[in-house]
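Okay, here's what each chain looks like letter by letter:
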Amino acid sequence: MKKLINSPDEVLADALVGVAAAHPSLTVNTSDRYIIRASGPTAGKVGLVSGGGSGHEPLHGGFVGYGMLDAACPGEVFTSPVPDQILAATRAVDGGAGVLHIVKNYTGDVLNFQMAGDLAADDGMRVEGVVVNDDVAVENSTWTAGRRGTGATVFVEKIVGAAAELGADLAAAAALGREVNDRSRSFGVALTPCTVPASGKPGFELGEDEIELGVGIHGEPGRARGRLVSAREIVGVALDAIHADMPLSGDVLVMVNGLGGTPLLELYVVYAAVAEWLAGHGVWITRNLVGNYITSLEMAGCTITVCRLTPQLTYLWDAPVETPALRWGR
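As a starting point, this report considers the structure included with it. (Residues numbered from 1 in each chain as written. Predicted model: local features only at pLDDT ≥ 70, side-chain atom pairs only at ≥ 80, totals over all residues. Heavy atoms only, no water.)

### Comments concerning the layout of surface pockets
Next, step 1: Taken as a whole, the largest pocket spans an internal volume of roughly 650 Å³.
Next, step 2: For the largest pocket, the lining is made up of 35 residues, of which V11, A15, S54, G55 and E57 are closest to its centre.
Next, step 3: Examining the composition of the lining of the largest pocket, we find that six residues originate from one element, helix 1 (residues 11-22), more than from any other. (1 Å grid on protein atoms, 1.4 Å probe; cavity = no way out; pocket = protein on both sides within 12 Å on 5 of 7 lines; lining within 4 Å. Points joined across faces, edges and corners; volume = space filled by probe spheres on them. Helix = DSSP H or I, 4+ residues; strand = E, 2+ residues; numbered from the N terminus.)

As structure tokens, then:
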């Protein structure tokens, strides 16, 4: 194992110190392990809290800031944050209008956020939850009952974050998050495995000419293991699966997301194939992201996420955002 770390047991602690040093717009609580805006809670605004295992950076800490999250709770690598941690972050961003938890559909995340929400309610706080489950590859997988939450998490955080800045109340923010999730689908492909620092070895094995179709962001198995083919063919498999599950039409938002070990050059090759496939099916990309937004340590591969846009969703996507990993319009 070759990694730029000091000790496998201290990766998260050391990374949080680095986040604090690199981003003065954020406040990092290294004891309770959460990241919030340095400005603190905004009175009268719904607070947005998300989180999950580390190793997926910039998700979630990189999306804390104006127009997106108010707080992020990083667990250990590929491990859910704990309820006390989530509760502390929820308290820290409650501006009096309630707090929305945005949760990827992994069993530990769902249970721990639900427990934290119950504890917050006992303290008199109003908390709602939105579960993201956009992955079409498999119905149930390791650590998951139902579909996994992947790329649509970024869409939910950005669009609901914009609405919260504009004054949406807690019920409206939750309904909007569920709408974005319902209108989004993802499919992932892995070319190589990744290595969790604590284990010191790859999480699975792939032959030199093999790929995992429908892989999860923790390396969970997908639909099939196949031979390496062209980017155009891989994109066809992914978009065929998405289109079969949610017929695509009209204007869409597309994210071609690298899993941590894929050169940007290759992500643009994939994006070209995505644009070609969608145009051939009468679908128009009006907004896009290409880059690393939800990674899986150093895994080579990508996820493709498509959201069917409405004028309102487009307006909220275009609204200003200022976070370490996503910024425009201010």
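### As for the packing of aromatic side chains
Next, step 1: This model, assessed by the stated rule, comprises two aromatic pairs.
Next, step 2: Note on F155 and W317: the rings are 5.6 Å apart at their centroids and 85° apart in plane angle, and the pair reads as edge-to-face. Highlighted residues: F155 in helix 4 (residues 152-165) and W317 in helix 8 (residues 311-318), separated in sequence by 162 residues.
Next, step 3: In this structure F155 comes out as buried when scored by relative accessible area, which is 0%.
Next, step 4: By relative accessible area, W317 is classed as buried at 2%.
Next, step 5: When the centroid spacing of 5.5 Å and the interplanar angle of 55° are considered together, the rings of W317 and W328 count as tilted. With W317 in helix 8 and W328 in strand 14 (residues 327-328), this residue pair connects regions lying 11 residues apart in the sequence.
Next, step 6: Looking at W328, the relative accessible area reads 26%, which means it is partly exposed.
Next, step 7: Over the face of the ring belonging to Y66 we find R330, whose NZ or CZ atom lies 3.8 Å from the ring centre. (Phe/Tyr/Trp six-rings, centres within 6.5 Å; stacked < 30°, edge-to-face > 60°. Buried < 20%, exposed > 50% of the residue type's maximum accessible area, 1.4 Å probe, protein only. Lys NZ or Arg CZ within 6 Å of the ring centre and 35° of its normal.)

### Digging into the environment of E220
Next, step 1: Mapped onto the elements, E220 comes out in the loop between strand 8 (210-213) and strand 9 (224-227).
Next, step 2: Remark: the alpha-carbon pair of E220 and T142, spanning 78 residues in sequence, is separated by 6.0 Å.
Next, step 3: Reaching out from E220, the side chain makes a polar contact with the backbone nitrogen of I217 at a distance of 3.3 Å. (Polar contact = N/O pair within 3.5 Å; in protein donor to acceptor, adjacent residues only side chain to side chain.)

### Considerations on the packing of helix 4 against helix 8
Next, step 1: Across the interface, helix 4 lies against helix 8 with an axial gap of 8 Å and an inter-helix angle of 85°. The pairing of helix 4 with helix 8 is recorded here as roughly perpendicular in orientation. Across the interface between the two elements, F155, K158, I159, A162 and A163 of helix 4 pack against L313, L316 and W317 of helix 8.
Next, step 2: Taken together, the residues of the contact of helix 4 with helix 8 break down into seven nonpolar, no polar and one charged. (Axes fitted to C-alpha atoms, helices over the stretch in contact; angles between N-to-C directions. Parallel < 35°, antiparallel > 145°, perpendicular 65-115°, else oblique. Contact = heavy atoms within 4.5 Å. Nonpolar A, V, L, I, M, F, W, Y, C, P; charged D, E, K, R; others polar.)

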